[in-house]
Structures are given as structure tokens and as C-alpha cells.
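Examination of the molecular architecture
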Amino acid sequence: QMIVKIVNEELTALMGGQNARLELQQRPAVILLVGLQGAGKTTLAGKLGGLLKKQGKKPLLAACDVYRPAAIEQLKIVGQRMELPVFEQGQGDPVKIAMEAQRQAILNLNDVLIVDTAGRLHIDDRLMEELENIKKALRPDEILLVVDAMTGQDAVNVAKAFDERLGVTGVVLSKLDGDTRGGAAISIRAVTGKPIKFASVGEKLTDIEPFHPDRMASRILGMGDVLSLIEKAQAAVDETKAAEMEKRLRKNQFTLEDFLESFEQMKNLGSMDEILAMLPGGNKLAGAQIDEKALGQTKAILLSMTPRERRNPNLLNFSRKKRIAAGSGTSVQQINQLLRQFEQMQKLMKQFGSMGRRGRRGGFPKLPF
């Protein structure tokens, strides 16, 4: 649980840590949508326009994809469904159309201009030059690269190429409703250093949401329920007791008293079946028989000991073990088995403690691989 929590936090940090907002300074602010053909720019223009409209903005959509058949008509349909105005001048010069759309936005008091640009099946100089000219003419507040999340690691090369030529300010992941888990989001952020600002999570024009790195980390790990388990663990574990136990672990002083405390905290988390159901891959363990009775017997043995015996198991001679067996409804053999398991755990804790001290002095011991 702790390892998964740490990995989740590191993935979240890798993807930016928190949601990155749009930086809209001008009036009208200009958002330039760029990307390869088929990435979903035209649909995204309507989705983003609808989202900004809900936030009290007055967007205007500009049809500057003059090459793809029916691209202008598609944007008009999208705009109509979202009740957004669309500026278009047919199959003309994209740069001139973009400039005229900006003038129209000023006249109509639109505070945001969303420009849908042309894409290609692959990156070429002609496409980039056109986009560079539109950028020079409009001086956009945001250049959002729309990336198809289904393309996987190829999306990284696309992001790098567009960023080198245009200097994108953010990324939008489209088609996140498919089978992909969005692992490309990690690489895109690492390669470009640019934040992922939005995620398109469905086919409906309302299926767009700000990109939350923590949620994407959970998606990548396939661990939506683990976050619930982490929250339960944080609520169940007494931080003061946990800090005290950590000190004892570092000093190799882990006792049966700590073992009992661990059982009490596990009880607060629920049954083992419930805990396993929340773990990654837990669905594969559905129907597995968890021996809750054995766990109960272990706890009964610990409770039948005196606090002094739990703190110092070396006191447990045969007569004491017989008394504990009678009090817990178990046998001396079961008590011996528990003590052997505890000795193995102590050795493991001792190794962790020595690794922790070496880590503080400047590094962990060399591993044999």
C-alpha cells in the first residue's frame, strides 16, 4: 500500500503535480489549436468553447482548416450544437481568415477566439510554416497541441516537433475514453516540459475536463480504488503511534506489542477480502479464501500475553506458552509458529533499519544485481 502510494505521488509529480490553467491575457484572448489530422482538433474547439462559455466567457470559433473535406461544415455543426458563433470564409488563405476572425471577435465583443487549424497525416514544413504565420499574425495567448492519446509513444515525437517549431504552451489529450491509460502523458510532460491542460474523455461535446495529474496517475496504475484504501489507511492510522513505531523500527526494537498494534489498525481498515478488493489486480483474487479465523487466532494469542511478555518474547518458556494457549484456545505449536514468523519479521525490520541509517549517511548498500 505504501509503495503504491509513493509511485502514485511520483507519477503525479512527473505530470505536473496539479491542474494547469489557461493563461488568457489579451481581449480577445486567442487560443490556437494545433496537431496532426485526426487528433480531434475540430471537435475539441467546440468542447473547449462550451467549457469556457460555462465559465462566463463569450467564445468565437474560427474555421482555418481549409484543406480537409467538410472540416468547415463540421465546425459549424459543432458550434450550432454548443450555441457558439463560428467565423468562416470558405477555402481561402488560412492566415487572412485568422486575422479577419480576430477583427470580428473585437467587433462582436467576443473575449476568446478559438482557432481550428489544419492538420496533416504527418508533420511537414508546409504545415509548420502556415502555423508559424498564423502565430505571427495573431500572437496567441495559448497554443494548445491536441494529441490523440491512443497513439501512445508516437505522441511524444509529435509533441516534440510541434513544440520546437511553435513553442506550444500546453497539451490536450483527446480520446482518453478508449482502452489507453494515457501513459504518453508522462513522456509528453518529460520531453516538452509543457503542462497538459485538458483531457477529452468521451464523444459528447460536454466530455472535456481539466487535466488532473493525480487522476491520470491512478488511471495509469489501474488503481482507482487504491486511493480509497490510502484514504482509509490515513484515517485509521494514528500518526503519533506511527511515528513512535518508526523510531522503534530504526532502532531494531519492533516487538509483539507493535505487532498487536498493527492488527488493531488492520481491523479499522476492514476485512482482508475488502482490502484485497481495493488493491491493483485484486479482481484476480476474487473468490480467494482468506482465513480470517487464523488472523483472529493470532490476535487472541497476542492478547493472551502480558504486556511484559509482548515486549520481551524471550520470557516465553513452556509453562507460559501453555497458559497463553489455554487463554487463546490455541496450541503451543501455533504459538511457536507465530514466534518463528515474528523472528523472521524482526530480521527483515533490522535490515530495513540498517538500510535507513546507511541511506541517511549517503546511500543504500550495494544490491546483488
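Residues numbered from 1 in each chain as written. Predicted model: local features only at pLDDT ≥ 70, side-chain atom pairs only at ≥ 80, totals over all residues. Heavy atoms only, no water.

Structural notes on the nonpolar core
Quick reminder of the rule: Residues belong to one nonpolar core when they are buried, are Ala, Val, Leu, Ile, Met, Phe, Trp, Tyr or Cys, and are joined through side-chain atoms within 4.5 Å. Only protein chains enter the area calculation, which uses a 1.4 Å probe; residues under 20% of their type maximum are buried, those over 50% are exposed, and those in between are partly exposed. Here a strand is any run of E in DSSP of at least two residues, a helix any run of H or I of at least four, and the numbering for each starts at the N terminus. Contacts are assigned to residue pairs with any non-hydrogen atoms lying within 4.5 Å of each other.
Counting 43 residues, the largest nonpolar core has M15, V34, V115, F162 and I188 as its most contacted members. In terms of residue count, helix α6 (residues 154-166) provides more of this core than any other element does, six residues in total. Once residues within four sequence positions are removed from consideration, V34 is found in contact with K41, T117, L131, I143, L144, L145, V146, F162 and L166. Counting 24 residues, the second largest nonpolar core, distinct from the first, contains I31, V78, F198 and I208.

So, the pairing of strand β2 (residues 59-64)
We apply this condition: Any two strands between which DSSP finds at least two bridges are classified as paired. By convention a crossover is right-handed if, when the strands point away from the viewer, the path from the first strand over the helix to the second runs clockwise.
Among the six residues in β2, six count as buried, and that is most of the element. A two-sided burial pattern is seen for β2, the buried positions comprising P59, L61 and A63 on one face and L60, A62 and C64 on the other. The pairing of β2 with strand β3 (residues 86-87) spans two bridges and is classified as parallel. Bridge pairing in β3 links L61 to V86. Assessed by its sense of winding, the connection that carries the chain from β2 through helix α3 (residues 71-81) to β3 is right-handed.

A short note on helix α2 (residues 41-54)
Here is the rule: By this rule, a helix spans an expected 1.5 Å times one less than how many residues it contains.
With 14 residues, α2 extends 20 Å between its outermost C-alpha atoms, agreeing within 8% with the 20 Å of an ideal straight helix rising 1.5 Å per residue. Residues K41, T42, L44, A45, G46, K47, L48, G49, G50, L51 and L52 constitute the buried set of α2. One or two steps after α2, the chain reaches G56, where phi turns positive at roughly 95 degrees.

Structural notes on the confidence of the model for the protein chain
In low-pLDDT segments, the atomic positions of the prediction should not be examined closely. The criterion, for reference: For every residue, the pLDDT score states the predictor's confidence, bounded by 0 at the bottom and 100 at the top.
On average, residues of the protein chain carry a pLDDT of 78, and 76% of them reach 70 or more. Contacts from residues 358-369, a stretch scored under 50 in pLDDT, to residues over four places away or in other chains number seven contacts.

Focus: the pattern of salt bridges
Put simply, the rule is: Here, a salt bridge means any side-chain nitrogen of Lys or Arg that lies within 4 Å of a carboxyl oxygen of Asp or Glu.
Under the defined criterion, the tally for this structure stands at eleven salt bridges. Here D163 and K194 are joined by a salt bridge, their closest N and O atoms 2.6 Å apart. Taken as a pair, D163 in helix α6 and K194 in the loop between α7 (184-192) and β7 (196-200) lie far apart in primary sequence, 31 residues in all. The partner of E309 in a salt bridge is R320, and the shortest N-O contact between them spans 2.7 Å.

Section: the sheet that holds strand β8 (residues 208-210)
This is how the line gets drawn: Working convention: axes come from line fits to C-alpha atoms, limited for helices to the stretch in contact. Angles between N-to-C directions cover 0 to 180 degrees.
Taking strand neighbours across the sheet as the criterion, the eight strands line up as β3-β2-β4-β1-β5-β6-β7-β8 in an open arrangement whose pairing is mixed. Two strands in the sheet have a free side with no partner beyond their single neighbour: β3 and β8. Bridge count for strand β5 (residues 142-148) against strand β6 (residues 170-174) is five bridges, and the pairing is parallel. Paired with L144 across the strands is G170, a residue of β6. Each of β1 (29-34), β2, β3 and β4 (112-117) is contacted by helix α4 (residues 94-107), which is oriented at about 165 degrees to β2, the strand it contacts most.

Brief notes about the pairing of β6
Counting buried positions along β6 gives five out of five residues, so the element sits mostly inside the fold. Of the two faces of β6, the one holding G170, V172 and S174 and the one holding V171 and L173 are both buried throughout. By the bridge criterion, three bridges tie β6 to β7 in an arrangement that is parallel. Within the sheet, the bridge partner assigned to L173 lies in β7 and is A199.

Overview of helix α15 (residues 318-328)
Put simply, the rule reads: This arc corresponds to the set of directions leading from the helix axis out to the C-beta atoms.
Looking only at α15, the buried set comprises K321, I324, A325 and S328. Down the axis, α15 shows its buried residues gathered within 100 degrees of arc, on one side only. Residues of α15 that are exposed and point more than 90 degrees away from the buried face comprise S319, A326 and G327. G329 occupies a position one or two residues after α15 and carries a positive phi of about 70 degrees.

Notes on the packing of α2 against α3
Inclusion rule: Roughly parallel refers to an angle under 35 degrees, roughly antiparallel to one over 145, roughly perpendicular to one between 65 and 115, and oblique to any angle outside these ranges. Handedness of a crossing follows from how the near helix is turned relative to the far one, being left-handed for an anticlockwise turn of less than a right angle and right-handed for a clockwise one. Residue polarity follows a fixed list, in which Ala, Val, Leu, Ile, Met, Phe, Trp, Tyr, Cys and Pro are nonpolar, Asp, Glu, Lys and Arg are charged, and the others, Gly among them, are polar.
Contact pair α2 / α3: the axes reach a minimum separation of 9 Å and the direction vectors enclose 20 degrees. Put simply, α2 runs roughly parallel to α3. In the packing of α2 onto α3, the handedness of the crossing is right-handed. For the pair α2 and α3, the contacting residues are T42, T43, A45 and G46 in the first and A71, Q74, L75 and V78 in the second. Its residues assigned to classes, the contact of α2 with α3 shows four nonpolar, four polar and no charged.

Some thoughts on the environment of G79
Summarising the element assignment, G79 is placed in helix α3. Overall, G79 belongs to the buried group, its relative accessible area being 0%. Distance from G79 to G49, taken between C-alpha atoms, is 8.4 Å for residues 30 residues apart in sequence.

Quick notes on unusual backbone geometry
Even without being glycine, L109 reaches a positive phi, approximately 60 degrees. Mapped onto the secondary structure, L109 falls in the loop between α4 and β4. Phi is positive for R139, which is not a glycine, with a value near 50 degrees. Within the element layout of this structure, R139 appears in the loop between α5 (125-138) and β5.

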